[in-house]
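Inside the fold
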Amino acid sequence: MKKIIFSLVMLLFMAITAQSQSVTETPKTSAVSSKKWFETISLRGYMQVRYNKLLETNSDLGCEQCDKSWGGNNSFFVRRGRLVFSGNVHDRVYIYIQPDFASSASTTSNNFLQIRDAYADISLDAKKEFRFRIGQSKVPYGFENMQSSQNRLTLDRNDALNSAVANERDLGVMFYWAPKEKRELFSNLIRDGLKGSGDYGVVGLGIYNGQTANRVEANNNQHIVGRVSYPFEFKNGQVLEAGIQGYTGKYVVQSISTSKNVIVKPNGEYLDQRAAASFVLYPKPFGLQAEYNIGTGPEYNPANNTIEQKKLHGGYMQAFYNIKVDQQVVLPFVKYQMYRGGKKHELDARSYSVNDLEIGLEWQPFKNLEIVADYTISSRRYEDAVKPINVQQGNLLRLQLQINF
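Parameters at a glance
Residues numbered from 1 in each chain as written. Predicted model: local features only at pLDDT ≥ 70, side-chain atom pairs only at ≥ 80, totals over all residues. Heavy atoms only, no water. Helix = DSSP H or I, 4+ residues; strand = E, 2+ residues; numbered from the N terminus. Rg over C-alpha atoms; globule rule 2.2 N^0.38 Å. Buried < 20%, exposed > 50% of the residue type's maximum accessible area, 1.4 Å probe, protein only. Contact = heavy atoms within 4.5 Å. Areas by Shrake-Rupley, 256 points an atom, 1.4 Å probe, with all protein chains shown as cover. Lys, Arg positive; Asp, Glu negative; His and termini not counted. Charge placed at Lys NZ, Arg CZ, Asp CG, Glu CD. pLDDT = per-residue confidence, 0-100. Phe/Tyr/Trp six-rings, centres within 6.5 Å; stacked < 30°, edge-to-face > 60°. Lys NZ or Arg CZ within 6 Å of the ring centre and 35° of its normal. Pairing = 2+ DSSP bridges. Disulfide = S-S within 2.5 Å. Expected span 1.5 Å × (residues − 1). Arc of directions from axis to C-beta. Core = buried A, V, L, I, M, F, W, Y, C linked by side-chain atoms within 4.5 Å. Polar contact = N/O pair within 3.5 Å; in protein donor to acceptor, adjacent residues only side chain to side chain.

**As for the overall build of the protein chain**
Along its length, the protein chain carries four helices and 17 strands. Relative to the compact-globule value of 22 Å for 405 residues, the protein chain shows a C-alpha radius of gyration of 22 Å, a close match. Seen through its C-alpha atoms, the protein chain measures out along the principal axes to roughly 70 × 60 × 40 Å. Across the 405 residues that make up the protein chain, the buried fraction comes to 52%. Residue pairs in contact within the protein chain that sit at least 24 positions apart in sequence constitute 63% of those at least 6 positions apart. Working note: accessible area of the protein chain is about 18,700 Å², and carbon and sulfur atoms make up 60% of it. Across the protein chain, 48 positive and 39 negative side-chain charges occur, with their mean positions spaced 2 Å apart.

**Concerning the confidence of the model for the protein chain**
Across the protein chain, the average pLDDT comes to 91, with 91% of residues at 70 or higher. Every residue in residues 15-32 scores below 50 in pLDDT, and together they form 11 contacts with partners more than four places removed in sequence or on other chains.

**A short note on unusual backbone geometry**
The omega torsion across Lys284 and Pro285 is 0°, close enough to zero to call that bond cis. Tracing the sequence through the fold places Pro285 in the loop between strand E10 (269-281) and strand E11 (286-301). Here the phi dihedral of Glu168 falls at roughly 65°; this positive angle occurs in a residue that is not glycine. By the element assignment, Glu168 lies in the loop between helix H3 (159-162) and strand E6 (169-177). We classify Glu168 as buried; its relative accessible area is 6%. In this model, Thr212 sits at a positive phi of 80°, which is unusual for a non-glycine residue. For Thr212, the position within the fold is in the loop between strand E7 (203-208) and strand E8 (223-233).

**A closer look at the packing of aromatic side chains**
Inspection of every chain in the model, using the stated rule, returns 10 aromatic pairs. Centroid distance Phe143 to Tyr282: 6.3 Å. Interplanar angle 70°. Geometry classified as edge-to-face. Here Phe143 is found in helix H2 (residues 143-146), whereas its partner Tyr282 is found in the loop between E10 and E11, with 139 residues between them in sequence. Using a relative accessible area of 1% as the deciding quantity, one classes Phe143 as buried. Taken together, the aromatic side chains of Phe130, Phe132, Phe175 and Trp177 make up a single cluster linked through ring pairs. Here the basic side chain of Arg398 rests over the ring of Trp70, its NZ or CZ set 4.7 Å away from the ring centre.

**Considerations on the pairing of E7**
With six bridges joining them, E6 and E7 adopt antiparallel strand pairing. Note that in E7 the partner of Met174 across the bridge is Gly206.

**Here's the deal with the state of the cysteines**
In total, this model carries one disulfide according to the counting rule given. Shown here is the disulfide that connects Cys63 with Cys66, its sulfur atoms set 1.9 Å apart. Across the disulfide from Cys63 to Cys66, rotation about the S-S bond amounts to roughly 55°, and the bridge is consequently right-handed. In terms of burial, Cys63 and Cys66 fall into one category: buried.

**What to know about helix H4 (residues 180-191)**
Compared with the 16 Å implied by 1.5 Å per residue over 12 residues, the 17 Å span of H4 between its first and last C-alpha is a close match. For H4, the complete set of buried residues consists of Lys182, Leu185, Phe186 and Leu189. Buried residues of H4, seen end-on, are gathered within an arc of 100° and therefore sit on one face of the element. Opposite the packed face of H4, turned more than 90 degrees from it, sit the exposed residues Glu181 and Arg191. Two residues or fewer after H4 comes Gly193, characterised by a positive phi angle close to 70°.

**What to know about the side chain of His223**
You can see His223 is positioned in strand E8. Residue class for His223 comes out buried when judged on its relative accessible area of 0%. Once you skip the residues sitting within four places of it in the chain, His223 turns out to touch Gly206, Ile207, Tyr208, Asn209, Gly210, Tyr247, Thr248, Gly249, Lys250, Tyr251 and Asp272.

**Describing the nonpolar core**
Counting 19 residues, the largest nonpolar core has Val139, Tyr141, Met174, Tyr208, Val225, Tyr247 and Tyr339 as the members making the most contacts within it. For this core, the elements supplying multiple residues, two or more each, are H3, E6 and strand E15 (351-366). Aside from chain neighbours lying at most four places away, what touches Val139 is Met146, Val165, Glu168, Arg169, Asp170, Met174, Tyr208 and Val225.

**A word on the environment of Tyr382**
Following the sequence through the fold, Tyr382 ends up in strand E16 (residues 369-383). Taking the C-alpha atoms as reference, Tyr382 lies 8.3 Å from Gln392; in sequence the two are 10 residues apart. If we ignore the near neighbours within four places in the chain, the residues touching Tyr382 are Asp60, Leu61, Gly62, Arg350, Ser351, Tyr352, Lys387, Asn390 and Gln392. Within the structure, the side chain of Tyr382 is placed 3.1 Å from the backbone oxygen of Asp60, a separation counted as a polar contact.

As structure tokens, this is what we get:
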């Protein structure tokens, strides 16, 4: 499969080279090429501030991958503070750099500067339907994983698919294709506030390190990923998007991520393989979103203090409604999620059994301000060598204020 991907890369680069050499007439000067590259760069961003302690019934209940301010003695928390630098530096080259000023190094250390995205899109045709994305970017696996937290309704992504790629990103080369009209549709779904995922093509293929963003490769055995997601637009204006995706590779559980005396495979390598299906009915005004994945990966077994190769499965379903009152927008939502499996990125590939129900509301009094109230009813078993018996249940009201600029 890797040979096929590399062959595709070479063929496409040869195609664009041949295309460039075959052009004999003088091309028209574009708006982009008439400017200096730094004049084409735009700056935007957003900030999220959270408070998770209202109506909390169990301070021992938390979710490390979701939100490090959930549980314990935490109070106000800057969840995200991001700036996005993006623009076309050439007719065929687009750059995107997104640092986050609110990354959490641990449950006790917050607000570290970290690169989230740093990539270039190289288009192979004038319509920009065929493009390579090179650098650190999102791995095309799952709709909600692709969806920016700036656009997502619930405060955190679901455990089931998000456990595939922590922070949703890795370093590698992706190839995306979508017809021009579908790229415009993806863009409009974001512009119109319909909670789209953005433009990750109708078809996406990629090869990436596999240890996730901002971590060095551990085995020189890259992951490969493939995704097909097609939006159907009906005469009444409704849009339905259906997709399938999957990836495969070998993930290395490293000693820095394991407790003392935990038994790990000699080379630390575990088969990391998943497949998922996605369904999205955009809120015009009623919306429905559902995803489910199955696979295999490393998971801690408290019975023998061993990280084993085990099956996993889980998903979520979310219903929501788009209400517009003058210039204001209100989006009530309800979401249920479940997951059974390990989380390879966490201590000892922590074993999980999750059942969560969220009932909430997003209010947008104007475009630059969003306020979310999310009442969470949670039952979680998450066990490792430090806590081999750990089942937590509880409820809490979570609040978030988001500023868009």
